[in-house]
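Structural characterization, general
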Amino acid sequence: MERAFVIVVVGLIGGLLAKKLDLPGGAVVGSMLAAGISAVAIPGTMVLPDSVSTTIQTLLGISLGVTFDRSFLGLCVQILPVAIFSTIVLLAVSVGMALLAQRLGIIDFSTALFGFSPGGMSGMSLLAQSEGYRTSVVAFFHTVRIFTLFLVVPLLGRLAIFRIKGF
């Protein structure tokens, strides 16, 4: 129980610190990295009870759900076809990458699919956990993706602005 308490406290501190420092991924990535490092450093194992995982998933769902408002409905109709097409393309790439990872003997197909899928890190990791796949591997894939995207996308956005302005 002492190990679990330390990991939770370190995870909270890591999340709050990452949020305060405005690091890529904010509280989710900061708490995950801090808790992950603690879990590796402190011998033993820890599995959250199903009730805790369900509560976290429910709070995550609520926090995303409250971001919708009526002004979004008009835009939603316009972007829905592009969003569906984008999802199909990304899912096809994810399946291809998962097959490659499995064929190379790196990781099983299902875990790799959750790791390569375009969903958010917290959602895909929690879903992988509830389905019985290797959550740490899924979270790692998404952490690498998020850090890379948080570094590269702003640069690409700036380059696009420069090109549009004729620089």
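An account of the accompanying structure is given in this report.

Turning to the overall build of the chain, a few remarks are in order. Counting its regular elements, the chain contains 7 helices and 0 strands. Order of helices (α) and strands (β) in the chain, N terminus to C terminus: α-α-α-α-α-α-α. Residues classed as buried in the chain amount to 19% of the 167 residues present. Sequence-distant contacts, at least 24 apart, represent 52% of the contacts inside the chain between residues at least 6 apart. In the structure as shown, the chain presents an accessible area of about 11,800 Å², 74% of it carried by carbon and sulfur atoms.

Right, let's talk about the environment of S53 for a bit. Looking at where S53 falls in the secondary structure, it is placed in helix α3 (residues 50-65). For S53 and P43, which are 10 residues apart along the polypeptide, the C-alpha to C-alpha distance reads 22 Å. Setting aside anything within four residues of it in sequence, one finds S53 in contact with L48 and Q129.

So, about the side chain of T111. Relative to the helices and strands, T111 resides in helix α5 (residues 109-116). Every residue in contact with T111, bar those within four places of it in the chain, is listed here: Y133, R134, V137 and V138.

This paragraph deals with the side chain of S38. Take S38: it is sitting in helix α2 (residues 26-41). On the accessibility criterion, S38 (9% relative accessible area) is buried. The residues contacting S38, other than those within four sequence positions of it, are I7 and V10.

Attention now moves to α5. Structurally, the α-helix is built with 3.6 residues per turn, so residues lying three or four positions apart point the same way. For α5, the complete set of buried residues consists of T111, A112, F114 and G115. Across the axial projection of α5, the buried residues extend over an arc of 160°, all falling on one side.

This part is about the packing of helix α1 (residues 2-20) against α2. Any two packed helices are characterised by the angle at which their axes cross and by the distance between the axes. Following both chains from N to C, one finds α1 and α2 inclined at 145°, their axes separated by 7 Å at the closest point. Crossing hand, α1 versus α2: right-handed. Mapping the contact onto sequence places R3, I7, V10, G11, G14, G15, A18 and K19 in α1 and G26, A27, G30, S31, A34, A35, S38 and A39 in α2. For the contact of α1 with α2, a count of residues per class yields 7 nonpolar, 7 polar and 2 charged.

Turning our eyes to something else, we now look at the nonpolar core. Note that soluble globular proteins tend to have their nonpolar side chains buried in a common cluster. Listed in full, the 5 residues of the largest apolar core are A98, A101, I107, A112 and V137. When residues no more than four places from it in sequence are discounted, the contact partners of I107 are A101, Q102, A112, R134 and V137.

Taken together, the side chains of F85, V89, V93, M97, L100, L104 and I106 make up a nonpolar region of the molecular surface, amounting to roughly 680 Å² of accessible area. Locating F85 in the fold gives a position in helix α4 (residues 71-103).

This next bit is on the packing of aromatic side chains. Here the structure, examined in full by the defined rule, presents 3 aromatic pairs. Aromatic pair F68 and F72: ring centres 5.3 Å apart, planes at 70°, arrangement edge-to-face. Look at F68 and you get exposed, because its relative accessible area is 54%. Overall, the relative accessible area of 28% leaves F72 in the partly exposed class. Aromatic side chains F116 and F141 sit 4.6 Å apart centroid to centroid with 50° between the ring planes, which places their arrangement in the tilted category.

The next thing to look at is the packing of α4 against α5. In contact at an axis separation of 8 Å, α4 and α5 are set at 140° when each is read in the N-to-C sense. Taken together, the axes of α4 and α5 are oblique relative to one another. Of the two elements, α4 crosses α5, and the hand of that crossing is right-handed. Two secondary-structure elements touch here, α4 through S94, V95, M97, A98, L99, A101 and Q102 and α5 through F109, A112, L113 and F116.

Rules used in this analysis
Residue positions are given per chain, counted from 1 along the sequence in the order it is written. Totals for whole chains, interfaces and linings use all residues, but because this is a predicted model, local features are given only for residues with pLDDT of at least 70 and pairs of side-chain atoms are given and counted only at 80 or more. Side-chain figures throughout are based on the complete set of non-hydrogen atoms in the structure, without hydrogens or water. Every helix listed is a DSSP run of H or I at least four residues long, and every strand listed is a run of E at least two residues long, numbered separately from the N terminus. Burial here depends on accessible area, computed with a 1.4 Å probe over protein chains only, as a share of the maximum for the residue type. Under 20% is buried, over 50% is exposed, and the range in between is partly exposed. Residue contacts are defined here by distance: any two heavy atoms, one from each residue, within 4.5 Å place the two residues in contact. Only the protein chains shown count as covering a residue, and every accessible area follows the Shrake-Rupley method with a 1.4 Å probe. Directions from the helix axis toward the C-beta atoms define the arc. To get an axis, a line is fitted to the C-alpha atoms, and for a helix only the part in contact is used. The angle between two axes follows their N-to-C directions and goes from 0 to 180 degrees. Two helices that cross are described as forming a left-handed crossing if the nearer one is turned anticlockwise from the farther one by less than a right angle, and a right-handed crossing if clockwise. Residue type decides the class: Asp, Glu, Lys and Arg count as charged, Ala, Val, Leu, Ile, Met, Phe, Trp, Tyr, Cys and Pro as nonpolar, and the leftover types, Gly among them, as polar. Here the nonpolar core consists of buried residues drawn from Ala, Val, Leu, Ile, Met, Phe, Trp, Tyr and Cys, with membership extended through side-chain atoms lying within 4.5 Å. Within this analysis, patches are made of residues with over 30% relative accessible area and no salt bridge. Like charges are joined at 9 Å or less; nonpolar side chains (Val, Leu, Ile, Met, Phe, Trp, Tyr) at 5 Å or less. For salt bridges, the criterion is a side-chain nitrogen of Lys or Arg within 4 Å of an Asp or Glu carboxyl oxygen. Centres within 6.5 Å make a pair out of two Phe, Tyr or Trp rings, where for Trp the six-membered ring is used; the pair is then stacked when the planes are under 30 degrees apart, edge-to-face when over 60, and tilted otherwise. Roughly parallel means an angle under 35 degrees; roughly antiparallel means over 145; roughly perpendicular covers 65 to 115; every other angle is labelled oblique.

Just distances and angles here, no functional claims.
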